[in-house]
Amino acid sequence: MSKDTKEALGPDGLPGHDYFLDAVNHIDEAVANNTIAAGAAKGIVFSLVETLGAMVGDPDLPNHLKSGYMGALDLAVELEAKLAKLK
């Protein structure tokens, strides 16, 4: 799916998990290319983990959305651990 075809929100009013995946990948690439400060990257990833964690924990979230968000959360947690090793 190209970025031009993404809708801002799905019919349920929630962003698709691909937006979160794109955010995590963008931060990972920015860190690798030294185009973002490590502290800023850590803050953004922390916010993503917190947001995704709250979304995944919502009992009213449909299962088909939950699985996508869980994948994005796992990726964000991996990046958070990688960033924690930076000084």
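The structure we're discussing is the one just above.
Before going into details, it helps to say that this report is about the structure given with it.

What counts and what doesn't
- Residues numbered from 1 in each chain as written.
- Predicted model: local features only at pLDDT ≥ 70, side-chain atom pairs only at ≥ 80, totals over all residues.
- Heavy atoms only, no water.
- Helix = DSSP H or I, 4+ residues; strand = E, 2+ residues; numbered from the N terminus.
- Contact = heavy atoms within 4.5 Å.
- Areas by Shrake-Rupley, 256 points an atom, 1.4 Å probe, with all protein chains shown as cover.
- Lys, Arg positive; Asp, Glu negative; His and termini not counted.
- Charge placed at Lys NZ, Arg CZ, Asp CG, Glu CD.
- Expected span 1.5 Å × (residues − 1).
- Buried < 20%, exposed > 50% of the residue type's maximum accessible area, 1.4 Å probe, protein only.
- Arc of directions from axis to C-beta.
- Salt bridge = Lys/Arg side-chain N within 4 Å of Asp/Glu carboxyl O.
- Polar contact = N/O pair within 3.5 Å; in protein donor to acceptor, adjacent residues only side chain to side chain.
- Core = buried A, V, L, I, M, F, W, Y, C linked by side-chain atoms within 4.5 Å.
- Axes fitted to C-alpha atoms, helices over the stretch in contact; angles between N-to-C directions.
- Parallel < 35°, antiparallel > 145°, perpendicular 65-115°, else oblique.
- Left-handed = near helix turned anticlockwise from the far one by under 90°.
- Nonpolar A, V, L, I, M, F, W, Y, C, P; charged D, E, K, R; others polar.

So, about the overall build of the protein chain. Along the protein chain, the regular secondary structure elements total three helices and zero strands. Element order for the protein chain, N to C, with α for helix and β for strand: α-α-α. At a minimum sequence separation of 6, the contacts of the protein chain that also span at least 24 residues come to 63%. Approximately 5,600 Å² of the protein chain is accessible, and the part contributed by carbon and sulfur atoms is 58%. Charge separation in the protein chain, taken as the distance between the mean sites of 7 positive and 13 negative side-chain charges, equals 12 Å.

Structural remark: α-helix, 3.6 residues per turn; residues separated by three or four positions point the same way. The terminal C-alpha atoms of helix α2 (residues 38–56), which comprises 19 residues, lie 26 Å apart, in line with the 27 Å expected from a rise of 1.5 Å per residue. Among all positions in α2, only Ala-41, Val-45, Leu-48, Val-49, Leu-52, Met-55 and Val-56 are buried. The buried residues of α2 occupy an angular sector of 130° when the element is viewed end-on, so they sit on one face. Those residues of α2 that are exposed and angled more than 90 degrees off the buried face are Gly-39 and Ala-54. Buried residues in α2 make contact with α1 (17–32) and α3 (63–84).

What follows covers the side chain of Lys-66. Position of Lys-66 relative to the elements: it lies in helix α3. There is no salt bridge for the buried Lys-66, and the closest opposite charge comes from Asp-58, which lies 7.1 Å off by N-O distance. Separated by 3.3 Å, the side chain of Lys-66 and the backbone oxygen of Val-56 make a polar contact. Discounting residues that sit within four places of it in the chain, Lys-66 has contacts with Val-56, Asp-58 and Leu-61.

Turning to the environment of Asn-34, a few remarks are in order. As for its position among the elements, Asn-34 is in the loop between α1 and α2. According to the relative accessible area criterion, Asn-34 is exposed, its value standing at 68%. Here the alpha-carbon distance between Asn-34 and Ser-67, two residues 33 residues apart in the chain, equals 32 Å.

Our focus in this paragraph is the nonpolar core. Counting 19 residues, the largest nonpolar core has Phe-20, Ile-27, Val-45, Leu-52, Tyr-69, Leu-79 and Leu-83 as the members making the most contacts within it. Those elements that place two or more of their residues in this core are α1, α2 and α3. Contacts of Val-45, omitting those with residues within four sequence positions, involve Ile-27, Ala-76, Leu-79, Glu-80 and Leu-83.

Here α1 crosses α2 at 160°, and the two axes come no closer than 11 Å. If you check the angle between α1 and α2, you find them roughly antiparallel. The interaxial crossing formed by α1 with α2 has left-handed handedness. Residues Phe-20, Ala-23, Val-24, Ile-27 and Val-31 of α1 form the contact with α2, whose own contacting residues are Ala-41, Ile-44, Val-45, Leu-48, Thr-51, Leu-52 and Met-55. Residue classes in the contact of α1 with α2 are distributed as eleven nonpolar, one polar and no charged.

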